[in-house]
Structure formats: C-alpha cells, structure tokens
Amino acid sequence: MPAMSANASAKLILLGEHAVVYGEPALAMPFSALRVRVVVEPWIGAPAGRIHVFARDLDLDQDWRDLPENNLVREAIVLVLSVLEIQQTPTCKISIFSEIPVSAGLGASAAITVAIMRAFSAFLGHPLQQDQLNQLAFQVETRMHGTPSGIDNTVIVYEKPIYFRKGFEIEFLKPGQEFTFLVADSGVKKSTASTVAQLANDRLQNPSYYDPLIEQIGECARVGRSALESGNAVVLGEAMNTNQDLLATMQLSCPELDQLVQAARQSGALGAKLTGGGKGGHMLALVREEDLDAVRSALLGTGTRQVYQTTLLAEGNA
Ligand code: PMV
C-alpha cells in the first residue's frame, strides 16, 4: 500500500450559527488559508494491525487503540474500517498536521475528521466519495458534539460557500461580487458542545424568549443570502451586525469578542460578529478594500494575537 495524503480546510460561519441547530438556515464558507493535512503511510516491520497516530497539535503520539472511546481520530478510523468492511486492521502510521486552532469556532474537529477519512480510505484503496464522506463526518461530529447541525462537515467536505438548512438539499452560493473579511482571534477557547448545550438548556427553561430570537437569526441568514448573491455588501454587513446582537442577547458572545466586534465596527467594517460556537473563538468582519488597513490596525490594537484576511470570490472567478 503506498502512502496517501489528504487535506481539508477550516470554515467560517457567515450567518446563522446556533439557530441552524434548530432548523433555521445558515451561510458558511471555506477558510482555505488554514488547513489540516493527514499522511497515512505503511509501517514496515511493526506488528500486524498496529496503527500509530501522531498529531503534535492534538498532543497525540500513540497506538490508536489507546485513544479514549470518544476521541475523534479513533472515531474516524473505526468508521472508515467499518464502512469499507475491512476485517483486518492495516499496519500504518497516521500523521496529522493541523494549522487550525481547536475550540476556536473554525471547524477544526470537522476538518481533522474529513482529512483523516480522505487519506485513510485512499490508503485502503477505496477513496470515499464526497456524499458518503459528508455523512460519515457528520456521524463523528454527532459523537463529539451531541447535536450538530451538520453545517461544519458539509462546508468542509465540499469546500464551497453554502446555504445550509438541516434536512434540506445543500445549496451552493453564488456571490454576486467579491467580499473581503478579516478574522480575529479572541484568545478565548470554548468548546462548541458547551455553548450548544448552554443554549439548549436556556431554551428549555424559556422557549417563548429564545424561539423568536432563533427565528430572527434565521431571517438574518435569508436576508444575508440574497445580499451576498446580489452583491450588496452593505446589507450583508447589516445582517451580520443584527445576527451578532441577537447572539449577544442569547449570551453567546463574551467581552473579548464584543471588544473585537466594536473595534471592527468603529474602524469602518460593514459588519462584524462572532463566528462558530461563540463565547470565545474568532470574530468575523466584512470590510471594504479601502478600510482593510484601518480595521486591521484597530483589531490589532485590542491585543488580538492574530488577524487573518480571506476573500470570497465572485461566482466564476475561483
Ligand atoms: O464552533 P464550530 O466551528 O464547531 O461551529 C459550530 C456551529 C454551531 O451552529 C454553533 C453548531 C452546529 O452544529 O451548527
């Protein structure tokens, strides 16, 4: 078996996180600058059936059977072996090199899962097709996060901007113009499972308060979609701002994110909001070309460790 490698990108949720778990639509796009790469290679001379997993960023350097039951690397390996009906575990090394920060709203767990499944299935001689890969990655996400919407695995598998609604066909977005975003790190790590559980609990206590907020976030995604497709950056920015204010009302922001959002808005961003699970992780701002330097400096002025720039290309200009 020759060595195989595969990769997957991070992702950004443009509008609609959390509400998407409750059936509302959301918009997401790949964040191709940050990637995870996985290499699977034969392990000559090792005892039969041994799989060694190495991932510096995840602090892993061990046999896969020693990984805890709910570890995503283990889950990904088990699912691929099972779906391909491989009876005899191959002897190999799986190395994972990830640039995507974990617990930071950028879809690290889905990206790692997708890259492992791509490389491992190819190594076994049966590369998974996109649709099957998406279904399997969703199963791993479910094991990791409890009740994921499926948006992370979907945008990462297809690596295209999507309009996503749980239980509906995936719709690929066609941006009417180029949009540029800045992404800044709040420096706060927060697991998505915990913020999803927080909202589930709050909503259970007080559905008449939370349900209308969830619906309004869905409306932001609908408005944002038509603004994105018609190339209206101002309206898209407004939808992002409204979405952020709703998430903050639902206690899904945090002071560090609020500070980044405020710095971006005050220095000229058309819209700014948290992206992903919230209560930490990253902030996403839509910025006109001419305001990029000012917004970047304002963000750096808050003490953020990292500001990335990414562009959503107009349809046809990939
Ligand atoms: O924090 P991330 O990158 O896993 O994004 C989570 C997005 C949520 O809407 C909060 C959860 C979900 O499953 O859609």
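Conventions we followed
- Here the residue numbers are simple positions, counted from 1 along each chain's written sequence.
- Local features in this predicted model are restricted to residues of pLDDT 70 or higher, and side-chain atom pairs are both shown and tallied only at a pLDDT of 80 or more, whereas totals for entire chains, interfaces and linings draw on every residue.
- Values shown for side chains rest on all heavy atoms present in the structure; no hydrogens or waters enter the calculation.
- Pairs were defined over the aromatic rings of Phe, Tyr and Trp, the Trp ring being its six-membered one, requiring ring centres within 6.5 Å. Orientation was assigned from the angle between planes: stacked under 30 degrees, edge-to-face over 60, tilted for the rest.
- Labels follow the DSSP assignment, with helices taken as runs of H or I lasting at least four residues and strands as runs of E lasting at least two, numbered in each case from the N terminus.
- Think of it as a cone above the ring: NZ of Lys or CZ of Arg counts as a charge over the ring if it is within 6 Å of the ring centre and within 35 degrees of the ring normal.
- Here, proximity means that at least one heavy atom of the residue falls within 4 Å of the molecule or strand.
- Think of a polar contact as two N or O atoms within 3.5 Å of one another; within protein, one of them needs to be a possible hydrogen donor and the other a possible acceptor, and neighboring residues in sequence only count if both atoms come from side chains.
- Reported accessibility uses the Shrake-Rupley method at a 1.4 Å probe radius. Residues are deemed covered only where the shown protein chains occlude them.
- Convention adopted: a line fitted to C-alpha atoms gives each axis, helices being fitted over their contacting stretch, and angles between N-to-C directions are expressed from 0 to 180 degrees.
- Here a crossing is called left-handed whenever its near helix is offset anticlockwise from the far helix by less than a right angle, and right-handed whenever the offset is clockwise.
- A contact between two residues is defined here by any heavy atoms of the two lying within 4.5 Å.
- When residues are grouped by polarity, Ala, Val, Leu, Ile, Met, Phe, Trp, Tyr, Cys and Pro land in nonpolar, Asp, Glu, Lys and Arg in charged, and all others, Gly among them, in polar.
- For this classification, under 35 degrees means roughly parallel, over 145 means roughly antiparallel, 65 to 115 means roughly perpendicular, and everything else is oblique.
- We call a pair of cysteine sulfur atoms a disulfide when they lie within 2.5 Å.
- Between any two strands, at least two bridges found by DSSP are needed for them to pair.
- Each residue's exposure class comes from its accessible area (1.4 Å probe, protein chains only) as a fraction of the maximum for that residue type: buried when under 20%, exposed when over 50%, partly exposed otherwise.

Q: Any chance you could break down the packing of aromatic side chains for me, citing the residues and the numbers?
A: For the structure on display, the rule yields three aromatic pairs. On the numbers, 5.7 Å between centres and 70 degrees between planes, the contact of Y158 with F172 is edge-to-face. Here the residue Y158 occupies a position in helix α4 (residues 151-158), and F172 occupies one in strand β7 (residues 171-172), the gap between them amounting to 14 residues. Summarising the aromatic geometry, the rings of Y209 and Y210 are spaced 5.0 Å apart at their centres and angled 85 degrees between planes, so their arrangement reads as edge-to-face. The positively charged end of R225 is found above the aromatic ring belonging to Y163, 4.3 Å away from the centroid.

Q: Talk me through the site of the ligand; I want residue IDs and the actual numbers.
A: Taken together, 17 residues form the shell around the ligand, and within it K11, H18, S149, T192 and G277 come nearest. Between the ligand and G107, the relevant distance is 3.2 Å, taken from an oxygen atom to a main-chain nitrogen or oxygen of the residue. In isolation the ligand has 380 Å² of accessible area, and contact with the protein removes 94% of it. Taken together, the elements giving at least two residues each to the shell around the ligand come down to β1 (4-15), α4 and α5 (192-205).

Q: Before we move on, could you go through the packing of helix α3 (residues 130-145) against α4 and cite the residues and values that matter?
A: Relative placement of two packed helices is described by the angle separating their axes and the distance separating the axes. Contact geometry for α3 and α4: axes closest at 9 Å, N-to-C directions at 145 degrees. By crossing handedness, the relation of α3 to α4 is classed as right-handed. Listed contacts from α4 to Q130, D131, L133, N134, A137, F138 and E141 of α3 are D152, N153, T154, V157 and Y158. The residue makeup of the contact of α3 with α4, split by class, is five nonpolar, four polar and three charged.

Q: Explain unusual backbone geometry to me, using residue names and the numbers behind them.
A: Working note: non-glycine residues mostly have negative phi, and peptide bonds are mostly trans. A positive phi angle, near 55 degrees, is found at E85, a position not held by glycine. Inspection of the secondary structure assignment puts E85 in the loop between α1 (72-83) and β5 (92-98). Located in the positive-phi region is E159, a residue other than glycine, with phi close to 45 degrees. Structurally, E159 can be placed in the loop between α4 and β6 (162-164).

Q: Describe the side chain of D152, naming the residues involved and giving the relevant values.
A: By secondary structure assignment, the location of D152 is in helix α4. In contact with D152, other than residues within four places in its own chain, are K11, I13, G107, A110 and E141.

Q: Summarise the packing of helix α6 (residues 207-230) against helix α7 (residues 233-249); cite the residues concerned and give the values.
A: Taken N-terminus to C-terminus, the directions of α6 and α7 make an angle of 165 degrees; their axes are 9 Å apart at the nearest point. Between α6 and α7, the angle is such that the two are roughly antiparallel. Our pair here, α6 against α7, has a crossing hand that is left-handed. Contacts between α6 and α7 involve Y209, L213, Q216, I217, C220, V223, G224, A227 and L228 on the former and, on the latter, V235, L236, A239, T242, N243, L246, L247 and T249. Of the residues that constitute the contact of α6 with α7, the class distribution is 12 nonpolar, five polar and no charged.

Q: Please give an account of the state of the cysteines that cites residues and values.
A: In this structure the tally under the stated criterion is zero disulfides. Unpaired in terms of disulfides, C254 finds its nearest cysteine sulfur in C220, a separation of 19 Å.

Q: Help me get a handle on the pairing of strand β2 (residues 26-42), residues and values and all.
A: Here β1 runs beside β2; their pairing, made up of 11 bridges, is antiparallel. Looking at the pairing, L15 lines up with L27 of β2. In terms of strand pairing, β2 meets β6 through three bridges, oriented antiparallel. Along β6, the bridge assignment pairs A28 with I162. The pairing of β2 with β5 spans seven bridges and is antiparallel. Pairing of V38 across the sheet is with I96, part of β5.

Q: Give me the pairing of strand β3 (residues 51-55): which residues, what numbers.
A: In summary, the side chains of a regular strand alternate between the two faces of the sheet. Burial analysis of β3 places four of its five residues in the buried class, which makes it a mostly covered element. Judged from the four bridges that link them, β3 and β5 form a sheet pairing that is parallel. Paired with H52 across the bridge in β5 is K93. Of the strand pairs in this sheet, β3 and strand β4 (residues 60-63) are connected by four bridges, and their pairing is antiparallel. Among the inter-strand pairings, H52 is bridged to a residue of β4, identified as D63.

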